[in-house]
Amino acid sequence: MYLFGNLISNLMDYYSQMAGFLFDLDGTLVDSLPSIEKSWQILASELKINPPHIPDIHGIPAINTIAKYAPHLSSEELNWFSQRMEAVEVDTANLVQPVPGALEIIKYLSTNQIPWTIVTSCTSPLAIARLTAIGLSLPKDSVTFEMVTKGKPDPEPFVMGAAKLKIEPADCWAIED
C-alpha cells in the first residue's frame, strides 16, 4: 500500500537526479483513516446525516463534502460545521499512525540535509496535530490548505512548496498517495 520500503535503499540514486522532496501528509506520511472515519461519524451524527463513504471524499476539503451531504445548510452553518470538523479532526489526531517507513525516510532526509517539506490539503492546525501524533513537527516551509488559492491536484501547492525550499519544481520529487 505504501512505497517507502525500497525508496530508502535507492534514495541516493534518485537524489542525484533531484534536489528536494515534497510530501503529501494524509496517506503518505500518516495513516489518518481512523481519525477521519471517527471525525465523520461524530460530525454526521451532529448533522443528522449518514457518514459519507470515506474513499469518495478522500482529499476533498471538508467544507465541500459537508455542502454535498448537507445541502440544506446556510452559508453560515456550512462555515460553522467546517470549523467544527477541523476541531473534531484535531481532537481525534491521536488516532493517526505513521505510514510504515515514513519516519525512517524523514530521518534519513533530515540527517543527510536533503531538502524536504510537506504539501498538504490539511489546514495548519490539523497538519500540526497529525504530525505531533507521530512525533514530527510541521516544517516551517510547509504548504497547507489556507496558504493556496487552488488546492491539489492543481500544481500551485507543489510550486509553492518547491519555492519555499528554493528549488525549481522540476527538480523535486512529489510524493503522494
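Up top you'll find the structure we're talking about.
With respect to the sheet that holds strand β1 (residues 20-23)
The three strands are arranged β4-β1-β5 in an open sheet whose pairing can be described as parallel. Both outer strands of the open sheet, β4 (116-118) and β5 (172-175), are each paired with one neighbouring strand and no more. Ignoring which end each strand starts from, the neighbouring axes of this sheet average 20° apart. Pairing of β1 with β5 involves four bridges; the strand directions are parallel. Bridging across to β5, Phe23 finds its partner in Ile175. Together, β1, β4 and β5 form the strand contacts of helix α8 (residues 156-165), whose direction differs from that of β1 by roughly 140°.

As for helix α7 (residues 124-133)
Within the sequence span of α7, burial applies to Ser124, Leu126, Ala127, Ala129, Arg130 and Leu131. Lining the buried residues of α7 we find β2 (30-31), α2 (33-47), α5 (75-91) and β4.

Some words on the nonpolar core
Formed by 21 residues in total, the largest nonpolar core has its most connected members in Phe21, Phe23, Leu25, Leu29, Ile106, Leu109 and Trp116. Of all elements in the fold, only β1, α6 (102-111), β4 and α7 reach the threshold of two or more residues within this core. A total of four residues in this core trace back to one element, the largest contributor, which is α6. In this structure, Ile36, Trp40, Ile57 and Phe81 belong to the second largest nonpolar core, which totals 14 residues.

Analysis parameters
Residues numbered from 1 in each chain as written. Predicted model: local features only at pLDDT ≥ 70, side-chain atom pairs only at ≥ 80, totals over all residues. Heavy atoms only, no water. Pairing = 2+ DSSP bridges. Helix = DSSP H or I, 4+ residues; strand = E, 2+ residues; numbered from the N terminus. Axes fitted to C-alpha atoms, helices over the stretch in contact; angles between N-to-C directions. Contact = heavy atoms within 4.5 Å. Buried < 20%, exposed > 50% of the residue type's maximum accessible area, 1.4 Å probe, protein only. Core = buried A, V, L, I, M, F, W, Y, C linked by side-chain atoms within 4.5 Å.

By themselves, these figures tell us nothing about what the structure is for.
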